[in-house]
Amino acid sequence: AELLTDQQSSVAGWWPTDGDQAEAARQDAARAEHTEWEFGCSCGAVRAVVSRAPDQLQHCHCRQCRLTHGAPVVTWTPLRHREVRWEGTALELKRTTSGGSRHGCTECGTTLSIQYDSQPNTVWLAAGGFRA
């Protein structure tokens, strides 16, 4: 196998350039200035305002998550209930397992969160619901 120089791999998109790193730093600084983050379903009938940027992501590939989302992996981010303000009339909380419930939109069917009984102060939001 041929080894690429840093410059060649940057051009090929395999290695970040100095410009990429500067842009990432600029985006990180802009994120730090945000005071609210928007989150919601695909049709817009349910949204949430989140009071801080997510700082942790976890991927789940359990059978229930795969079936609920129709994907091999779902990415979740934990937040305190007090950090999430739900808006909209189509929000529904359903018991989906013996240990937890999920928020979903009754209009479009988007699964928005999971709440575990063992973590009563935490809601895990589906990371794909955040508006960039």
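The structure under discussion appears in the preceding block.
I will try to describe carefully the structure that is included in this document.

A general feature of soluble globular proteins is that nonpolar side chains tend to end up buried together. Within the largest apolar cluster, 14 residues are counted, with the highest numbers of intra-cluster contacts made by Phe-39, Val-46, Val-50, Leu-79, Val-84, Leu-125 and Phe-130. Listed by contribution, the elements that provide at least two residues to this core are strand S1 (37-40), strand S2 (47-50) and strand S9 (122-126). With residues up to four places along the chain from it excluded, the contact list for Phe-39 reads Val-46, Arg-47, Ala-48, Val-50, Trp-86, Leu-112, Leu-125, Ala-126, Gly-129, Phe-130 and Arg-131. Formed by seven residues, the second largest nonpolar core is a distinct cluster that contains Cys-60, Val-74, Trp-76 and Ala-126.

Before going further, it helps to spend a moment on the sheet that holds S2. Each strand in a sheet pairs with another by means of backbone hydrogen bonds, the pair being arranged parallel or else antiparallel. Taken in spatial order, the three strands make up an open sheet running S1-S2-S5, and their pairing is antiparallel. Every interior strand has two partners, whereas the edge strands, S1 and strand S5 (84-87), have only one. Direction aside, the axes of adjacent strands within the sheet are offset by 25 degrees on average. Bridge count for S2 against S5 is four bridges, and the pairing is antiparallel.

Conventions used here
Numbering of residues starts from 1 in each chain and follows the order in which that chain's sequence is written. Where local features are concerned, this predicted model is filtered to residues with pLDDT of at least 70; where side-chain atom pairs are given and counted, the filter is 80 or more; whole-chain, interface and lining totals use all residues. Only heavy atoms go into the side-chain values, all of them from the structure, while hydrogens and water stay out. Among the buried residues, those of types Ala, Val, Leu, Ile, Met, Phe, Trp, Tyr and Cys that are joined through side-chain atoms within 4.5 Å form a nonpolar core. Each residue gets one of three labels from its accessible area relative to the maximum for its type: buried under 20%, exposed over 50%, partly exposed in between, using a 1.4 Å probe on protein chains only. Strands are runs of DSSP state E lasting at least 2 residues, helices are runs of H or I lasting at least 4, and numbering of each runs from the N terminus. A contact between two residues is defined here by any heavy atoms of the two lying within 4.5 Å. A pair of strands is labelled paired if DSSP reports no fewer than 2 bridges between them. Structural elements are reduced to axes, namely lines fitted to C-alpha atoms, with helices fitted over the stretch in contact, and the angle between N-to-C directions of any two is expressed from 0 to 180 degrees.

The values reported here are purely geometric and, on their own, carry no functional implication.
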